[in-house]
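Each chain is listed here by its residues.
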Amino acid sequence: MRSGSRCRLGGWLRPCSARASEVPPARLSSAEHTTKGMTVNTPALCFRSKKILAPMVRVGTLPMRLLALDFGADIVYCEELIDIKMVQCKRVVNEVLETVDFVAPNERVVFRTCVRERDCVVFQMGSADAERALAVAKLVENDVAGIDINMGCPKEYSTKGGMGAALLSDPDKIECILSTLVKGICKPVTCKIRILPSLEDTISLVKRIEKTGVAAIAVHGRKKEERPQHPVHCEVIKAISEAVSVPVIANGGSHDFIKEYTDIEAFQQAAGASSVMIARAAMWNPSIFRREGLCPLKEVMQEYIKYAVRYDNHYTNTKYCLCQMLREQLETTEGKKLHAAQSTQEICEVFEMGGFYEETTAILEAKKASLKAKTQDEDEQMEDTDVIKMAVRFDKREYPPQITPKMYLLEWCRKAKHPQPVYETVQRPLDKLFCSVVTVAEQKYRSTLWVENKIQSSWQLELSEQLIRRIWDKSKKLAEQAAAIVCLRTLGLPEGKLNEGESHLINKRKRENQEFLNNKEHEDDLLVEASHKRAHFTEGASDSSSSVVPR
């Protein structure tokens, strides 16, 4: 593994710098991306003489991509993500994990990336619509190094809707999608295809693709109906490489060629390609990218788990990737324990990493609390200075039934001939809590309660020993009652607590209740009387009608 490629515990919560590009200066062109409001130039991605992690569903998530980079991969592709799902996502900066997340409406993270891979990750998309593909590309382009369209996957989840290998039979749509992307974004665009039944048709297709302006073409050297056990057609990849001037990336060599690092170059030469893209060999052991040779599998799996914990990878995805690495060892004791694991913590315990899990999750929780406190402090500083504040909280157990501070305040405003109180209540997205400000006689009041929240952590990264945070209320009603209490206490007015004794408002409520009961009884009496009259009238009418003799 390259020295200095991994950020170790103790400093790893800080953003990691991307590796320096190995692209010769003559091959560089500039592209723009935005970082914290600033537009900066970065070198465009080069696809020549590169070793690339292939896009793999359920495998190409952030932990695997970072691990591949650590072991020596030059470029990493994410798993195929469908445009319809991505276009609904919103971009969220995750300050706890130091990532950029693309989050679906159901709060599920669809795509997660970080600074470490920004200049070498290619976002692969499944799409059959040019405009939708462009919308997704624009959404993610500032956080990735390139955009790829999947035109090679033969499986149903990709081909349904005309995506994946289904595009191979529609060259017009291929041209439309790629041309739209090339013209619409500043990052390089690539596509990944499979070979067609005839060499002539394949060459015709790639030449048409080349004219769209793509930066590279990845070629899986099998037809869409062929599977990994079928031999890869290196001669077809070589013919494609000779037919076009753009870089051709050879893919599909894991079964026939690639067993260790030195085999990567052998596959590249056999295919006559500019670069090599590795899928299953990298899935089984990401250290295939390591120039010095493969690392022991257990060490590789432990390094993968560290990234999975660090970046809050869902345990089912982590478990899947680890099972792919174990392969024939799934029937061992360790494999069976992994298969039974139902959480990230249990996965860590299988690999004797329980301590790492506890320490890392404590670090992340502490950082989350620190950021939360910082946000709350900023909220405090941004508030109006003319708001009168007091640390109070409404507890309905301290008040008679049906009597609240809001009622007392409204009654006082009526007597004092002030406009009725106006409540402005907001909900904070951070924790879904509420804070309310009440305005009475052009003066604002609100409640604030401060408590100490002690956080202890061994790492001590820019955290104070005590974080002070304001507790907001769980509901809109509680927040408004608390604001009313602040106003009443500031004005020296009763608020209706049980220890204040009976007040005119309580007596008024009793009188109103008694009047209501009296009126209810009177209404009931009237209803009974009316029903008797209706019954008497009906009986009389019946008697009269029975005595009438028709003529």
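Here is what the cut-offs are and how they apply
- Residues numbered from 1 in each chain as written.
- Predicted model: local features only at pLDDT ≥ 70, side-chain atom pairs only at ≥ 80, totals over all residues.
- Heavy atoms only, no water.
- Helix = DSSP H or I, 4+ residues; strand = E, 2+ residues; numbered from the N terminus.
- Contact = heavy atoms within 4.5 Å.
- Pairing = 2+ DSSP bridges.
- Axes fitted to C-alpha atoms, helices over the stretch in contact; angles between N-to-C directions.
- pLDDT = per-residue confidence, 0-100.
- Buried < 20%, exposed > 50% of the residue type's maximum accessible area, 1.4 Å probe, protein only.
- Core = buried A, V, L, I, M, F, W, Y, C linked by side-chain atoms within 4.5 Å.
- Phe/Tyr/Trp six-rings, centres within 6.5 Å; stacked < 30°, edge-to-face > 60°.
- Lys NZ or Arg CZ within 6 Å of the ring centre and 35° of its normal.
- Expected span 1.5 Å × (residues − 1).
- Arc of directions from axis to C-beta.
- Salt bridge = Lys/Arg side-chain N within 4 Å of Asp/Glu carboxyl O.

S.K.: I'm lost on the environment of Gln420 in this one. Help?
M.R.: Topologically, Gln420 is positioned in the loop between helix H15 (405-415) and strand E16 (422-427). Spatially, the C-alpha atoms of Gln420 and Ala441 are 8.8 Å apart, while their sequence positions differ by 21 residues. The contacts of Gln420, once residues within four sequence positions are left out, are Leu410 and Cys413.

S.K.: What should I look at first to understand the sheet that holds strand E17 (residues 434-440) in this one?
M.R.: In a beta sheet, neighbouring strands are held together by backbone hydrogen bonds and run either parallel or antiparallel to one another. Here four strands make up an open sheet; going across it, the order is E15-E18-E17-E16 and the pairing mixed. Strands with a single pairing partner mark the edges of an open sheet, and in this sheet they are strand E15 (387-390) and E16. For this sheet, the mean angle separating the axes of adjacent strands, direction not counted, is 25°. Seen against the sheet, H15 touches E16 and E17 and runs at an angle of roughly 15° to E17.

S.K.: Help me understand the confidence of the model for the chain, please; the structure alone is not making it clear to me.
M.R.: Regions with low pLDDT should not have their predicted coordinates read in detail. Of all residues in the chain, 76% have pLDDT values of 70 or greater, and the mean over the chain is 83. Long-range and interchain partners of residues 1-42, a stretch whose pLDDT sits below 50, account for 87 contacts in this model, where long-range means more than four residues apart. Note on residues 537-551: pLDDT under 50 across the span, and zero contacts to partners over four residues away in sequence or across chains.

S.K.: Any chance you could explain the side chain of His233 here in plain terms?
M.R.: Looking at where His233 falls in the secondary structure, it is placed in the loop between strand E12 (216-220) and helix H7 (234-243). With relative accessibility at 18%, the residue His233 sits in the buried group. With residues up to four places along the chain from it excluded, the contact list for His233 reads Ile195, Gly221, Arg222 and Glu226.

S.K.: What exactly am I supposed to notice about the nonpolar core here?
M.R.: As a rule of thumb, soluble globular proteins bury nonpolar side chains together. One finds Met86 and Phe123 to be the most contacted residues of the largest nonpolar core, which totals 116 residues. Ranked by residues supplied to this core, first place goes to helix H10 (residues 297-310) with eight residues. Contacts of Phe123, omitting those with residues within four sequence positions, involve Cys78, Leu81, Met86, Phe111, Val136, Val140, Val144, Gly146, Ile147 and Asp148. Leu409, Cys413, Val438 and Cys487 belong to the second largest nonpolar core, which has 17 residues in total.

S.K.: What is the right way to read unusual backbone geometry from this model?
M.R.: Among all residues except glycine, the phi angle is most often negative; among peptide bonds, the trans geometry is most common. With a phi close to 55°, Asp312 is a non-glycine residue in the positive phi region. Its place among the elements puts Asp312 in the loop between H10 and helix H11 (315-326). Backbone geometry at Glu352 places phi at a positive 60°, although glycine is not the residue there. Assignment of secondary structure puts Glu352 in the loop between helix H13 (344-350) and helix H14 (354-382). In this structure Glu352 comes out as exposed when scored by relative accessible area, which is 67%.

S.K.: Hey, could you run me through the packing of aromatic side chains in this one?
M.R.: According to the stated counting rule, one finds five aromatic pairs in the structure shown. An angle of 35° between the planes, with centres 5.1 Å apart, marks the rings of Phe394 and Tyr399 as tilted. Judged by its relative accessible area of 13%, Phe394 is buried. Exposure remark for Tyr399: the relative accessible area of 5% places this residue in the buried category. Geometry around Tyr311 places Arg310 over its ring, the cationic atom sitting 4.5 Å from the centre. In this structure, Arg327 packs its charged tip against the face of Trp284, placed 3.7 Å from the ring centre.

S.K.: Explanation requested: helix H6 (residues 199-210) in the structure shown.
M.R.: Because the α-helix completes a turn every 3.6 residues, residues three or four places apart line up on one side. Between its first and last C-alpha, H6 extends 16 Å over twelve residues, near the 16 Å set by a 1.5 Å rise per residue. For H6, every residue scored as buried is listed here: Thr202, Ile203, Leu205, Val206, Ile209 and Glu210. Each buried residue of H6 lies within a common arc of 160° when the element is viewed along its axis, so the set occupies one face. Those residues of H6 hidden inside the fold are in contact with helix H5 (171-184), strand E11 (189-194), E12 and H7.

S.K.: I'm lost on the pattern of salt bridges in this one. Help?
M.R.: Should their charged atoms come close, side chains of opposite charge can pair. The full count for this structure, using the stated rule, is 17 salt bridges. Asp101 is paired through a salt bridge with Arg112; the nearest N and O atoms lie 2.8 Å apart. Here Asp101 is found in strand E7 (residues 99-103), whereas its partner Arg112 is found in strand E8 (residues 109-113), with eleven residues between them in sequence. The class for Asp101 is buried, based on a relative accessible area of 3%. The class of Arg112 is buried, set by a relative accessible area of 13%. Between Glu175 and Arg208 there is a salt bridge whose closest N-O contact spans 2.7 Å. Of the two residues, Glu175 is situated in helix H5 and Arg208 in helix H6; the sequence distance between them amounts to 33 residues. Overall, Arg208 belongs to the partly exposed group, its relative accessible area being 31%.

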